[in-house]
Amino acid sequence: MHVETVPELKVKIGLEVHCQLTNLKSKLFCSCSADYRDSEPNTHICPVCMGMPGTLPVLNRKAVEDAIMIALALNMQVSSRTLFYRKNYFYPDMPKNFQISQYDRAGGVPIAKNGYVTLDGGRKVRISRLQLEEDPGKLVYEGTIETSKATLVDYNRAGVALAEIVTEPDITSPREARIFLQKLRSILEHLGVSSGELEGSMRCDANISIEGGTRVEVKNISSFKEVERALNFEMTRQRSLLRKGLCVGRETRHWDELRRVTVTLRVKEEEEDYRYFPEPDLVPILISNEDVERIRASMPELPDSRKRRLMEQYGISMQNAEVLTDNKALAEFFEACAADYSRPDLLSNWIVGDLLSYLYDMGLELRQTKLTPQHMVGMLRLIDDGTISGKIGKEVLKEIMVTGEAPESIVKARGLIRISDREYLERLTDKVFEENPKAVKDALKDEKAVRFLVGQLMKLTEGKADPQLANILVTKRLKALAGK
Ligand SMILES: [Zn+2]
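The sections below set out a description of the structure shown in this document. (Residues numbered from 1 in each chain as written. Predicted model: local features only at pLDDT ≥ 70, side-chain atom pairs only at ≥ 80, totals over all residues. Heavy atoms only, no water.)

In terms of regular secondary structure, the chain is built from 15 helices and 16 strands. The C-alpha atoms of the chain give 29 Å as radius of gyration, which overshoots the globular expectation for 484 residues (23 Å, by more than 25%). Taking the principal axes of its C-alpha atoms as reference, the chain extends roughly 100 × 55 × 50 Å. The buried share among the 484 residues of the chain stands at 47%. For the chain, contacts bridging at least 24 residues in sequence account for 68% of all contacts bridging at least 6. For the chain, the exposed surface amounts to about 24900 Å²; the carbon and sulfur share of it is 51%. One finds the centroid of the 71 positive side-chain charges in the chain at a distance of 4 Å from the centroid of its 72 negative side-chain charges. (Helix = DSSP H or I, 4+ residues; strand = E, 2+ residues; numbered from the N terminus. Rg over C-alpha atoms; globule rule 2.2 N^0.38 Å. Buried < 20%, exposed > 50% of the residue type's maximum accessible area, 1.4 Å probe, protein only. Contact = heavy atoms within 4.5 Å. Areas by Shrake-Rupley, 256 points an atom, 1.4 Å probe, with all protein chains shown as cover. Lys, Arg positive; Asp, Glu negative; His and termini not counted. Charge placed at Lys NZ, Arg CZ, Asp CG, Glu CD.)

See below:
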């Protein structure tokens, strides 16, 4: 059966996002440095995060403040009393054989509940809970998981503070899941609590069901970029099962990033039994209204208010303001350029249009290119003063991103300066008219053929002719012919 012949069934997606609080200096319950990324394995460990007998965890106060800040930014209710639970499981990534986490059942209360994120366009995705927990260590394989002779464990990450953010199944497509995550990332980056640019700092699990089907969980989605891909695969798989009259079984599947498929990890009838119980080594956390209000007062500007400010302050369109503020680095780049450039609407078009599509094509983040605000503004000024055309500007921009060279030197070195030498262009116009007699004849009757002649002139100059002047010269020449 062909896939598109059956009407689309509705999709429901919920996400469970894990964000490392990357601004913290130490782990969640000990003083080991949380900045482990460039370190040798197992060098950021101590008896506490290794769970040695006789050690006691001490809660990182700043982590709680960060979590409250996230909760407020996600419009959540902050709990006045919350506590930690032990989630018991045997797996080499946690040397203690349990993870200190939070729980929302059996008397457990997460740090915050019931919030939402408003997507551009106004749709809301409800957030059911936010909790603090420790990150497990990392299992490392030599080669692939199948061929590796041994599993190596690096505990540098074990105990790093994680904020777990769980949504209701309000998301209606894989694409919307990506848009939600982009917005969430922008909020966390504006708060300064988590940087999505660091490898593995934001990970997510998803649950997805098709109308009339069963909920399937998808694990091991290593980056936000993979989410849309994994969910698209899973959506198609479930739809084709339902169309064949087969059942979607309740199970947990694993996203295989290399093969780009989901595979069965475990089929489960019920939730796994982690024997959750309150962590006996930590006292409950009491959060007063004063604490919450103090943190609320210290909150930085968030994407939504920044969006409104960019529209008011710079007069740019809502669409551009949305794209800019969905990516903190892009918004900052725009403002750095705008401080030195008098046409912010034009600037925003360049950033949201050309710059963003080059980044997408190159698969890079802005900071991974060599583009600076000075060079961006320099390139735009070359267009404004007529040195280069807008079309050449695009080429120059691409080259700056790769080489980091100043736009003026790129233009000089590559001979890209716009040709507005009238005599020279007149000579070329003669040549175009000589070589295209039929087009000239047509152009005397048909406007469209005029454009063809101008195009030929532009081609002769490799796009460097001043397009306005080229137009004038061709039209003038045609008028002279018509008058004869
Ligand atoms: Zn430690």
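The protein atoms donating to the zinc ion are C30 (SG), C32 (SG), C46 (SG) and C49 (SG), with metal-donor distances spanning 2.3 to 2.4 Å. Read N to C, the donor residues that coordinate the zinc ion are spaced as C-x1-C-x13-C-x2-C. For the pair shown, C30 and C32 are each scored as buried. (Donors = N, O, S within 2.8 Å, 3.2 Å for Na, K, Ca; no water.)

Evaluation of the coordinates by the stated rule reveals seven aromatic pairs. With centroids separated by 5.8 Å and ring planes inclined at 45 degrees, the aromatic side chains of Y85 and Y103 adopt a geometry described as tilted. Placement of Y85 in strand β4 (residues 85-88) and of Y103 in the loop between β5 (98-101) and β6 (112-118) is noted, with a sequence separation of 18 residues between them. Taking 5.1 Å as the distance between ring centres and 80 degrees as the angle between the ring planes, the aromatic pair formed by Y314 and F334 counts as edge-to-face. Remark: F334 occurs in helix α7 (residues 328-338) and Y314 occurs in helix α5 (residues 303-314); sequence separation between them is 20 residues. In this structure Y314 comes out as buried when scored by relative accessible area, which is 16%. Taken together, the ring pairs in this structure connect Y85, Y89, Y103, Y274 and Y276 into an aromatic cluster. Note that K87 overlies the ring of Y274, its terminal NZ or CZ placed 4.4 Å from the centroid. (Phe/Tyr/Trp six-rings, centres within 6.5 Å; stacked < 30°, edge-to-face > 60°. Lys NZ or Arg CZ within 6 Å of the ring centre and 35° of its normal.)

Let's shift gears to the environment of K219. Turning to its location among the elements, K219 is positioned in strand β12 (residues 216-221). Exposure remark for K219: the relative accessible area of 22% places this residue in the partly exposed category. With residues near it in sequence (within four places) discarded, K219 still touches D205, T252, R253, H254, W255 and R266. Separated by 3.3 Å, the side chains of K219 and D205 make a polar contact. (Polar contact = N/O pair within 3.5 Å; in protein donor to acceptor, adjacent residues only side chain to side chain.)

Turning our eyes to something else, we now look at the nonpolar core. Judged by nonpolar contacts, the single largest core of 62 residues is most densely connected at L15, V17, L21, I70, L130, I165 and F180. Among the elements that make up this core, the one with the highest residue count is helix α1 (residues 61-73) (nine residues). Residues contacting V17, with those up to four places away along its chain left out, are A163, E164, I165, L181, L184, R203, C204 and F224. In this structure, I392, V396, I400 and L416 belong to the second largest nonpolar core, which totals 35 residues. (Core = buried A, V, L, I, M, F, W, Y, C linked by side-chain atoms within 4.5 Å.)

Attention now goes to the sheet that holds strand β11 (residues 202-210). A sheet is described by the order of its strands in space; here nine strands give the open sequence β2-β6-β7-β10-β1-β11-β12-β13-β14, paired in mixed fashion. A strand with exactly one partner marks an edge of an open sheet, and here the two such strands are β2 (77-78) and β14 (261-267). Where strand β7 (residues 124-134) lies against strand β10 (residues 161-167), seven bridges are found, and the strand directions are antiparallel. Looking at the pairing, L132 lines up with A163 of β10. (Pairing = 2+ DSSP bridges.)

All right, on to the packing of α1 against helix α4 (residues 289-297) then. One can describe the packing of α1 onto α4 by two numbers: an axis separation of 10 Å at closest approach and a directional angle of 75 degrees. With respect to their mutual orientation, α1 and α4 come out roughly perpendicular. Two secondary-structure elements touch here, α1 through E65, I68, M69 and L72 and α4 through V292, R294, I295 and R296. A breakdown of the residues in the contact of α1 with α4 according to their chemical character gives five nonpolar, no polar and three charged. (Axes fitted to C-alpha atoms, helices over the stretch in contact; angles between N-to-C directions. Parallel < 35°, antiparallel > 145°, perpendicular 65-115°, else oblique. Nonpolar A, V, L, I, M, F, W, Y, C, P; charged D, E, K, R; others polar.)

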